[in-house]
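Observations on the three-dimensional arrangement
One-letter residues, chain by chain:
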Amino acid sequence: STAQLAAALRAAPGVAAVTPAVTSADGKAAMLIAYPATGEQDPATNTLVNTLNDSVLPRATAGTGIRAYLTGPNAGNVAFANVIGQRLPWLVAVVVLVSMVLLMVVFRSVTVAVKAAVMNLLSISAAYGVLVMVTQHGWLHQLFGFPERMPVTTWVPVFLFVILFGLSMDYEVFLLSRIREAYDATGDNTTSVATGLASSARVISAAAAIMVAVFLSFVLGANVSVKQIGLGLAVAVLIDATLVRLVLVPAVMELLGKANWWLPRPLA
């Protein structure tokens, strides 16, 4: 049975070699080591792990009574990446939905809530894009202390999302609070957007400058995962506090006019 399993592993594309089975003293367990033909960070290795789990092992053990498990560092990393890939969309959906509901309650506007979620996702997406270009595609990687091209660490996107969404929401609330106060006082959307931006831009810019400097200091460390987090956070805060929060948000609110404060009567 173990010989049949070993033969199936050797025949799998991407497997370089398989060691002879090492059987436990009671004969109830055996271990084989399969060596991939590609490196640990090669995408082909991830594909191989999934292929072994999904098809090779089930076919080789069907009807034999053997339960085969794929373990080891590579398999563990791939399994963790698969779980993250499955759960990340749910995390994003729940966080965005809850934040939209809270913003709608605070500012009494569906438009503001939707716009805030979209703008926050823009900043986070930009951070993901820059991180991929630097680490995986090698753009300016030496400038940021990355010795070679490498994949983004599996848990970094999740970590970045929850922190960045919170920071982006802080800036959004700072700006919208001033705009809403001015709108309640004057009823003029154009004036309120200009007044809110003028009164909060300096605070937002100063806070962002401090955080960008702090996050960029992470890049000076030796751990590549910490470098990735620092780079992603710095890029996202920089983009969020300049292009998004101080340009796109006021521009969109100016264009939308009174539609900024639309709230259906049943929700009101």
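Computed from a prediction, not measured in an experiment: that's the story for all the values here.

Notes on the nonpolar core
Ranked by size, the top nonpolar core spans 49 residues in total, and within it L160, L164, Y171, F215, L231, V237 and M253 carry the most contacts. Going through the elements one at a time, α3 (73-107), α4 (110-135), α5 (156-186), α6 (189-217) and α7 (224-256) are the ones with two or more residues in this core. In contact with L231, other than residues within four places in its own chain, are L131, V134, F144, F146 and V219. Listed in part, the 11 residues of the second largest apolar core include V15, L52, L57 and A60.

So, the packing of aromatic side chains
Using the criterion set out here, one finds four aromatic pairs in the structure. Between the aromatic rings of F161 and F165, the centroid separation amounts to 5.5 Å while the plane-to-plane angle is 40°, which identifies the pairing as tilted. Residue F161 and its partner F165 are located together in helix α5, separated by four residues, close to a single helical turn. Among the residues examined, F161 registers a relative accessible area of 2% and is labelled buried. On the basis of relative accessible area, F165 is assigned to the buried category, the value being 3%.

Observations regarding the pattern of salt bridges
For the coordinates displayed, the defined rule picks out five salt bridges. A salt bridge links R178 to E181, with the shortest nitrogen-to-oxygen separation between them at 2.8 Å. Highlighted residues: R178 and E181, both in helix α5, separated by three residues, approximately one helical turn. Members of the salt-bridge network, linked through shared partners, are K115, E172, D240 and R245.

What counts, and at which threshold
Residues numbered from 1 in each chain as written. Predicted model: local features only at pLDDT ≥ 70, side-chain atom pairs only at ≥ 80, totals over all residues. Heavy atoms only, no water. Core = buried A, V, L, I, M, F, W, Y, C linked by side-chain atoms within 4.5 Å. Buried < 20%, exposed > 50% of the residue type's maximum accessible area, 1.4 Å probe, protein only. Helix = DSSP H or I, 4+ residues; strand = E, 2+ residues; numbered from the N terminus. Contact = heavy atoms within 4.5 Å. Phe/Tyr/Trp six-rings, centres within 6.5 Å; stacked < 30°, edge-to-face > 60°. Salt bridge = Lys/Arg side-chain N within 4 Å of Asp/Glu carboxyl O.

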